[in-house]
Amino acid sequence: MLRYLLFALLMLHGAIHLAGLFTPVAGRVMAIDRAPGIYWAVCSTLFGLSALLLVLHEKHWSWVALLAALSSQVLIASAWEQARFGTILNVVIVLTVLVLLFVKEAPVMFRD
């Protein structure tokens, strides 16, 4: 159940990043060939990839999710006034991934 909730959260956050493609700049819609729009699209793709890897039970999904959240936070900082609430989703994603990583790796880390 948690896997599917996290899948939905990753996909939702990735979909929200697609809005960065169409953010108004100087009174017009940003074109896809503009660098900031491409960065938002790449970040969206990272979230989608991490969600897909999660559902497929691939072991490296968590690292892709952490990379997506980190790149997302950099983009959010660059557009703070419009995107500041994305920080809440990034914190939830990072904390969830770190807890899941810790639970998975804790028996190995604390073994005698």
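The structure displayed is predicted, hence computed values, not measured ones.

Before going further, it helps to examine the packing of helix H1 (residues 2-17) against helix H3 (residues 61-78). Two elements in contact, H1 and H3, have axes whose closest approach is 12 Å; the angle formed by their N-to-C orientations is 35°. The element H1 and its partner H3 pack so that their crossing is left-handed. Contact residues: Leu 6, Leu 10, His 13 and His 17 in H1; Trp 61, Ala 65, Ser 72 and Leu 75 in H3.

In terms of nonpolar packing, the biggest core is built from 23 residues, with Leu 6, Leu 10, Phe 47, Trp 61, Ile 93 and Val 97 touching the most fellow members. Going through the elements one at a time, H1, helix H2 (35-55), H3 and helix H5 (86-109) are the ones with two or more residues in this core. Beyond its immediate chain neighbours, meaning those up to four positions away, Val 97 contacts Trp 61, Ser 62, Ala 65 and Leu 66.

Attention now moves to unusual backbone geometry. Positive phi outside glycine occurs at His 57, with the angle close to 60°. Assignment of secondary structure puts His 57 in the loop between H2 and H3.

Before going further, it helps to examine a nonpolar patch on the surface. Where nonpolar side chains cluster on the molecular surface, the patch consists of Met 1, Leu 2 and Leu 5 and spans about 370 Å² of accessible area. Among the secondary structure elements, Leu 5 is positioned in helix H1. Here Leu 5 falls in the exposed class, since its relative accessible area comes to 52%.

Further remarks concern the confidence of the model for the protein. Scored by pLDDT, the protein has a mean of 82; 82% of the residues are at 70 or more. The least confident element of the protein is strand S2 (residues 28-29), whose mean pLDDT is 51; the most confident is H3, at 92.

Turning our attention to the pattern of salt bridges. One pass over the full model with this rule turns up one salt bridge. With its nearest N and O atoms 3.6 Å apart, the salt bridge here joins Arg 84 to Glu 81. Residue classification places Arg 84 among the partly exposed residues on the basis of a relative accessible area of 31%. A residue is classified by how much of its surface remains accessible, and Glu 81, at 65% relative accessible area, is exposed.

This part is about H1. Under the 1.5 Å per step criterion, the end-to-end length of H1 is 23 Å for 16 residues, consistent within 8% with the ideal 22 Å. Of all the residues in H1, the buried ones are Leu 6, Leu 9, Leu 10, His 13, Gly 14 and His 17. Axial view of H1: buried residues confined to an arc of 130°, hence all on one face. Along H1, exposed side chains directed more than 90 degrees from the buried face belong to Tyr 4 and Leu 5.

Procedures and definitions
- Residues numbered from 1 in each chain as written.
- Predicted model: local features only at pLDDT ≥ 70, side-chain atom pairs only at ≥ 80, totals over all residues.
- Heavy atoms only, no water.
- Axes fitted to C-alpha atoms, helices over the stretch in contact; angles between N-to-C directions.
- Helix = DSSP H or I, 4+ residues; strand = E, 2+ residues; numbered from the N terminus.
- Left-handed = near helix turned anticlockwise from the far one by under 90°.
- Contact = heavy atoms within 4.5 Å.
- Core = buried A, V, L, I, M, F, W, Y, C linked by side-chain atoms within 4.5 Å.
- Buried < 20%, exposed > 50% of the residue type's maximum accessible area, 1.4 Å probe, protein only.
- Patch = residues over 30% accessible without salt bridge, like charges linked within 9 Å, V, L, I, M, F, W, Y side chains within 5 Å.
- Areas by Shrake-Rupley, 256 points an atom, 1.4 Å probe, with all protein chains shown as cover.
- Salt bridge = Lys/Arg side-chain N within 4 Å of Asp/Glu carboxyl O.
- pLDDT = per-residue confidence, 0-100.
- Expected span 1.5 Å × (residues − 1).
- Arc of directions from axis to C-beta.

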